Amino acid sequence: MADMTALLDQAAEEVLENMFFSGVIGEVPGEPAGERLCATVAFAGSSEGELTVSAAASTMAVLAAGFLGVEENEIADTQVRSVAGELANVLCGAFLGHLEPLGNFRISPPRITDVQGAGAVRHMPLRKYFELMEGDLAVGLTVN
Amino acid sequence: MASILIVDDSSAMRSVIKRIIKLSGFEMETCVEAGDGEDALAVLRSQPVDMVISDINMPRMDGETLLREIAADQNLCGTPVVIVSSDATESRASRLLELGAGAYLVKPFQPQALREKLEQLMEGAHG
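Residues numbered from 1 in each chain as written. Chains lettered and ligands numbered in written order. Predicted model: local features only at pLDDT ≥ 70, side-chain atom pairs only at ≥ 80, totals over all residues.

As for helix 4 (residues 90–98) of chain B
Residues and elements named next belong to chain B. Listing the buried residues of helix 4 in full gives Arg92, Ala93 and Leu96. Along the long axis of helix 4, the arc covered by the buried residues comes to 100°, so they all point the same way. Along helix 4, the residues that are exposed and aim more than 90 degrees away from the buried face are Ser94 and Glu98. Buried residues belonging to helix 4 abut helix 3 (63–72), strand 4 (81–85) and strand 5 (103–106). Immediately downstream of helix 4, the backbone of glycine 100 shows phi near 120°, a positive value. (Buried ≥ 20, exposed ≤ 12 C-beta atoms within 10 Å, placed from the backbone. Helix = DSSP H or I, 4+ residues; strand = E, 2+ residues; numbered from the N terminus. Arc of directions from axis to C-beta. Contact = placed C-beta atoms within 7 Å.)

A short note on the packing of helix 2 (residues 37–46) of chain B against helix 3 of chain B
Residues and elements named next belong to chain B. Between helix 2 and helix 3, whose axes approach to 9 Å, the crossing angle comes to 30°. With respect to helix 3, the element helix 2 is oriented roughly parallel. Helix 2 and helix 3 meet at a crossing whose hand is right-handed. Facing helix 2, whose interface residues are Gly37, Ala40 and Leu41, helix 3 presents Gly63, Thr65, Leu66 and Glu69. For the contact of helix 2 with helix 3, a count of residues per class yields three nonpolar, three polar and one charged. (Axes fitted to C-alpha atoms, helices over the stretch in contact; angles between N-to-C directions. Parallel < 35°, antiparallel > 145°, perpendicular 65-115°, else oblique. Left-handed = near helix turned anticlockwise from the far one by under 90°. Nonpolar A, V, L, I, M, F, W, Y, C, P; charged D, E, K, R; others polar.)

Details of the interface of chain A and chain B
Between chain A and chain B, the residue contacts involve 25 residues of the former and 20 residues of the latter. If you tally residues by element for the side of chain A that touches chain B, the top one is helix 3 (residues 77–99) of chain A, at eleven residues. Classifying every residue of the side of chain A that touches chain B gives 13 nonpolar, nine polar and three charged.

As for the confidence of the model for chain A
Across chain A, pLDDT averages 91, with 99% of residues at or above 70. Across chain A, element-level confidence peaks in strand 3 (residues 49–55) of chain A with a mean pLDDT of 97 and bottoms out in strand 4 (residues 105–107) of chain A with 88. (pLDDT = per-residue confidence, 0-100.)

Focus on the sheet that holds strand 2 (residues 28–34) of chain B
Residues and elements named next belong to chain B. With parallel pairing, five strands are arranged side by side in an open sheet as 2-1-3-4-5. Single-partner strands in this sheet number two, and they are strand 2 and strand 5. If you compare each strand with its neighbour and ignore which way they point, the axes differ by 20° on average. Bridge count between strand 4 and strand 5: four bridges; the pairing is parallel. (Pairing = 2+ DSSP bridges.)

As structure tokens, then:
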């Protein structure tokens, strides 16, 4: 059985460094609080499950600026939400590629919601609260 | 200098791919965009390009169908297609390469990796 926590760490580092020009600098102790933007993708195929990311809207806006290569004040809310969905999608693909390189998966279009605190990931069996330079990023994963 | 069609249902991802091409130093003359395979075919039939960069999962017509349509069209079948996807599984990559994709890149990827693929395909298409 693969060490899913290590695979998720590896996938997060790859995605954040290569596509968001950010990086993981540690883990946040305890659960995040406050209003957050959340993106969830479901996957099916060789394995089934869900991956959710959530961050404060301000953190997601900085990540979106890095992703799109523009200044934060040039980004519309709709773009921030779209980038949150891309983050969930790409992170899920990277994780699944490490988990089962020979697998066959379909990843659903992202579902974007506004949530409070860690509510969106608290129930998920695997949770990570990554500390980034831009703020914190919560990632929750369920693999059935 | 190459003209490139970027096909992805996410406008954010189209912007990022364009940005990565510029960051890579690849010489791009023009860049046109399409939101799915159907739009991409319409663009290709009215405005030939040197290369197509396409996502897989898109509404209406996905990247795999677009690849088949390009291969079946005698006016388009020489156009190199680079698939860019978050699907990192080898089985998917193998199938699309067998169907005629010139390259399969998994997101996230380094700008240099994209540049190398684009240059190889340009050389192949014009060599």
